[in-house]
Amino acid sequence: MQQTTNTILMVRPVNFRMNEQTAVNNYYQHEAEGVLPDTINTKAQQEFDAYVKKLRGIGVNVIVVNDKIETDTPDSIFPNNWVSFHHSGDVGLYPMFAKNRRLERREDILETLENEGFIINNIIDYTSAEEEHVFLEGTGSVILDRVNRKAYCALSPRADESLFIEFCEDFEYMPVVFVANQTVNGKRMPIYHTNVMMSIAENFAVICLSSIDDKKERKNVIKQLKADGKEIIDITEAQVNNFAGNMLQVKGSNDECYLIMSQAAYDCLTSHQIKTIETYCKILSSSLETIETCGGGSARCMMAEVFLPKA
């Protein structure tokens, strides 16, 4: 079992814009005022292409699929929310909060992976929960410690506790449940995705502990991470707002590990935090300004990790 993979699935956008359906509880999204929709999409494509080029440059196997022009899927650039790929050959399909995001789920993407030589044994489909208005948005909602078989989940309108427990039973993970908040107009509101405030790498975890207001829950999260020998790199809420929690460790050529993040995330880290990360792996950053501003997601959201076995 490995925590990191060398293969990443990414979806190139064709209709990228601020998704009005997700903005209701994603407080990181903002209108790009005075910018034409075509310009926003072009800028997002440029950021996407530069990012893919950097990943391939360090030896990451990036499988790029183009979004379809005929579906209105402004958030297709974030595939990790609707699908997850596991060592067992199992694939998880997830219920999505925004109706237009449900159109992102595409069978042909699974066929693309099979054509690349990956084996899909079983599809575990949670999407019927949408009928009950129950959601769990993939590895946006669930942070997996694959080696230690623990799954971390910050409950929110997009992360239902009972469905998370069901996921843990199906995929054999021990659930670690908590609520992570952010301050919005003076009020504490749930952070919409766990992967905005937390990232687990092989030897360390980047996490905003101050977002977990409940002291018991915070203590438990610290205890679980420390029990598995993870060094905790604590980030602030201001750093979360710059997507410093939205990182992913991947393998480049010769199994060398890299922590992938946006330029904004890198720029807001302290020299001590950077030094700590670099004791474990190299850092790769890329400018994702348009994608972060309009999409409210960042580097990690754009990568769906592929752990499927090869034929």
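Along every chain, residues carry numbers that run from 1 in the direction the sequence is written. Note on the predicted model: pLDDT of at least 70 is required for a residue's local features to be given, and 80 or more for side-chain atom pairs to be given and counted; whole-chain, interface and lining totals, by contrast, use all residues. Just so you know, side-chain values use all the structure's heavy atoms and leave hydrogens and water out.

Caption draft 1: Spotlight on helix α2 (residues 107–115). Throughout this description, buried means an accessible area under 20% of the type-specific maximum (1.4 Å probe, protein chains only), exposed means over 50%, and partly exposed covers the range between. The way it works is that DSSP assigns letters per residue, a run of H or I at least four long becomes a helix, a run of E at least two long becomes a strand, and they are numbered from the N terminus. Among the residues of α2, those classed as buried are Ile 109, Leu 110 and Leu 113. Along the axis of α2, the buried residues cluster in a sector spanning 100°; they form a single face. Seen from the open side of α2, the exposed residues pointing more than 90 degrees away from its buried face are Glu 107 and Asn 115. Any two residues whose heavy atoms approach within 4.5 Å are treated as being in contact. The inward-facing, buried residues of α2 contact β1 (7–12), β2 (61–66), β3 (83–85), β4 (90–93), β5 (122–125) and β17 (304–306). In this description, one arc is meant: the one made by directions from the helix axis to the C-beta atoms.

Caption draft 2: Quick look at the packing of aromatic side chains. Put simply, two rings from Phe, Tyr or Trp (the six-membered ring, in Trp's case) pair if the centres are within 6.5 Å, and we call them stacked under 30 degrees between planes, edge-to-face over 60, tilted for the rest. Inspection of every chain in the model, using the stated rule, returns six aromatic pairs. Whether a charge lies above a ring is judged from NZ of Lys or CZ of Arg, which has to be within 6 Å of the ring centre and within 35 degrees of the ring normal. Taking the ring centre of Tyr 173 as reference, the NZ or CZ of Arg 149 above it sits at 4.0 Å. Taking NZ or CZ as reference, Lys 310 lies 4.6 Å from the ring centre of Phe 118, over its face.

Caption draft 3: Region of the structure containing the nonpolar core. Throughout, nonpolar core names a set of buried Ala, Val, Leu, Ile, Met, Phe, Trp, Tyr and Cys residues whose side chains join them through atoms within 4.5 Å. If you look at the biggest cluster of nonpolar residues, it comprises 37 residues, and the most contacted ones within it are Tyr 152, Phe 178, Met 197, Met 198 and Val 221. Looking at this core, the elements with two or more residues in it are β7 (150–154), β8 (174–178), β11 (198–200), β12 (204–207), α5 (215–227), β15 (257–262), α7 (263–268) and α8 (271–278). Here this core gets four residues from one element, more than from any other, and that element is β12. Ignoring anything within four residues of it in the chain, the contact list for Met 197 reads Phe 178, Ala 180, Ile 191, Val 206, Ile 207, Cys 208, Ser 211, Ile 212, Val 240 and Gly 245.

Caption draft 4: Main features of the pattern of salt bridges. By definition here, a salt bridge exists when the distance from a side-chain nitrogen of Lys or Arg to a carboxyl oxygen of Asp or Glu is within 4 Å. Following the criterion strictly, the structure yields 14 salt bridges and no others. Notably, a salt bridge pairs Asp 108 with Arg 106, separated by 2.7 Å at the nearest N-O pair. One salt bridge in this structure joins Asp 228 and Lys 150, with 2.8 Å as the shortest N-O distance. Linking Asp 228 in the loop between α5 and β13 (231–234) with Lys 150 in strand β7, this pair joins segments that are 78 residues apart in sequence. Classification of Lys 150 as buried rests on a relative accessible area of 7%.

Caption draft 5: Structural view of the environment of Met 261. In this structure, Met 261 sits in strand β15. Apart from the residues lying within four places of it in its own chain, the contact partners of Met 261 are Met 247, Tyr 266, Leu 269, Ile 283, Leu 284, Ser 285, Ser 286 and Ala 299.

Caption draft 6: Unusual backbone geometry, seen in detail. A positive phi is found at Glu 172, a non-glycine position, where the angle reads about 60°. What makes Glu 172 exposed here is its relative accessible area of 63%. For Asn 254, which is not glycine, the phi dihedral falls at a positive 55°. Considering the arrangement of structural elements, one finds Asn 254 in the loop between β14 (248–251) and β15. Relative accessible area serves as the criterion here: at 78%, Asn 254 is assigned to the exposed category.

Caption draft 7: Up close: the environment of His 133. Mapped onto the elements of the fold, His 133 is located in the loop between β5 and α3 (138–141). On the basis of relative accessibility, which here comes to 62%, the residue His 133 falls in the exposed class.

Caption draft 8: Fine view of the side chain of Ser 211. Checked against the element boundaries, Ser 211 lands in the loop between β12 and α5. Setting aside its immediate chain neighbours within four residues, Ser 211 contacts Val 179, Ala 180, Asn 181, Arg 188, Ile 191 and Met 197.

Caption draft 9: Local environment of the pairing of β7. For β7, the buried fraction is high: five of the five residues fall into the buried class. The alternating pattern of β7 places Lys 150, Tyr 152 and Ala 154 on one face and Ala 151 and Cys 153 on the opposite face, and all of these are buried. Pairing between strands requires that DSSP locate at least two bridges from one strand to the other. Of the strand pairs in this sheet, strand β6 (residues 142–145) and β7 are connected by four bridges, and their pairing is antiparallel. Paired with Ile 143 across the bridge in β7 is Tyr 152. Hairpin geometry of β6 and β7 is characterised by an intervening segment of four residues between the two adjacent antiparallel strands and by a positive phi of about 55° at Arg 149.

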